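# A look at the structure
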Amino acid sequence: SGNQRGAMQFFWDEYSVNHLIASYEKPVVALLDGYTMGGGVGLSVHAAFRVATESTVFAMPETKIGFFPDVGATFFLPRMDGQTGVYLGLTGQRLKGRDLVYAGVATHFVPSERLPMLEKRLQEIDVVDYDVVNRAIEEFVAQPEAGQMEYSLADVRDAIDRCFRFNKVESIVEALRQETEAEGVVAEWAARTLEQLMGMSPSSLKLTLEQLRKGRTCSIQESFALELRLAERRLSSHDMHEGIQALLVRKSNDPQWQPSTIDAVDMQKLHAEYFETRGNYEMQFLDTANFEEYPHSYGLPSEKEVGEFVRGENPQAGDFGLTRNEVVAFFVKGSGHKIGVKEKVNWVLDRKTRLLPDSSVLQWIK
């Protein structure tokens, strides 16, 4: 229909711009000051520099309206630490302020009152040099509390991996139910997460999980091409129309999903409809750039990078075991003494390593 053609043109334009931001040859600085959701994520998360403030609220809540996380989420969510991206994509959980830096969504944290000064400083730069831009932003970054990890997911980070590592939504739900049988912070988190998932479109949950699993091996262009195909199919689905009506039109927050339960969603049928059927629209990018990892990395070290260094898979690690001080010093020095690096690396080492017997050498724990 004409409405669908117009909608697909919108998605095509949106994804083209998102890809252009990801591949742009000049440094792009995105200021995530305030609510950053849906389309706002696409305009910011692919930039080389992403600045969060105390007012930033980030989320990808598309499964709540019967859609799926798009604008390149196929690419960036699976590349977050562990299963964090899958958790965010399925639940629509919000991250705030410094959360974004520790999760890898943002590269810097600058108080909102400093943004006018930062913008003025950036306007003074007259060279196309990513390192120069990075150093300029670092001038305005705020220090966290001494030795503190201001990360709302810190206490449940390992539980996220335990529960969201599965390839079936039913298995994720069962893992969360098992976590509720314990006590404390993790059990409370698991109960809240189950409640979140039960409010989402069951078919969207299964579609999103399959999308993000495929995204682990998709290039940036393949990711947007997949999303365009999924969007075309989803536009004609019952759940997308029902979700928008219930949450945005009626505002009753009582969507009647079809199917109404996770178990009732036929995954074989869903896979055939969304992933095996060729779409009627093809992405044509404004830039030819294509890659499997973002070309610039100015955020905090990822858990993957820390693990590779500890295990000696990074050539700079050498042939001998490493102590905690050596690992921390490597990342702090390599980042130019970036604020937050010491705190995150120590946090990762606390969770993922142990000392070899009678030694100060670290051993990585799977």
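Just above sits the structure.
A brief look at the structure comes next. Just so we're clear, the structure is a prediction, and the values are computed from it rather than from any experiment. (Residues numbered from 1 in each chain as written. Predicted model: local features only at pLDDT ≥ 70, side-chain atom pairs only at ≥ 80, totals over all residues. Heavy atoms only, no water.)

### Some points on the packing of helix 11 (residues 202–215) against helix 14 (residues 267–275)
Here helix 11 crosses helix 14 at 60 degrees, and the two axes come no closer than 11 Å. Judged by the inter-axis angle, helix 11 sits oblique to helix 14. Helix 14 is crossed by helix 11, and the crossing has right-handed handedness. For the pair helix 11 and helix 14, the contacting residues are S203, K206, L207, E210, Q211 and K214 in the first and M267, L270, H271, Y274 and F275 in the second. In the contact of helix 11 with helix 14, the residues fall into five nonpolar, three polar and three charged. (Axes fitted to C-alpha atoms, helices over the stretch in contact; angles between N-to-C directions. Helix = DSSP H or I, 4+ residues; strand = E, 2+ residues; numbered from the N terminus. Parallel < 35°, antiparallel > 145°, perpendicular 65-115°, else oblique. Left-handed = near helix turned anticlockwise from the far one by under 90°. Contact = heavy atoms within 4.5 Å. Nonpolar A, V, L, I, M, F, W, Y, C, P; charged D, E, K, R; others polar.)

### A few points about the packing of aromatic side chains
Counting across every chain of the model gives 17 aromatic pairs. Taken together, the aromatic side chains of F10, F11, Y15, F67, F68 and F224 make up a single cluster linked through ring pairs. Above the ring of F75, the side-chain terminus of R79 is found at 3.8 Å from the ring centroid. A cation over a ring is seen here: R351 above W347, with NZ or CZ 4.4 Å from the ring centre. (Phe/Tyr/Trp six-rings, centres within 6.5 Å; stacked < 30°, edge-to-face > 60°. Lys NZ or Arg CZ within 6 Å of the ring centre and 35° of its normal.)

### Looking at the nonpolar core
If you look at the biggest cluster of nonpolar residues, it comprises 88 residues, and the most contacted ones within it are F58, F164, L176, W189 and V327. For this core, the element with the most residues is helix 12 (residues 220–235), which contributes seven residues. If you look at the next biggest cluster of nonpolar residues, it comprises 15 residues, including L115, I125, V141 and I339. (Core = buried A, V, L, I, M, F, W, Y, C linked by side-chain atoms within 4.5 Å. Buried < 20%, exposed > 50% of the residue type's maximum accessible area, 1.4 Å probe, protein only.)

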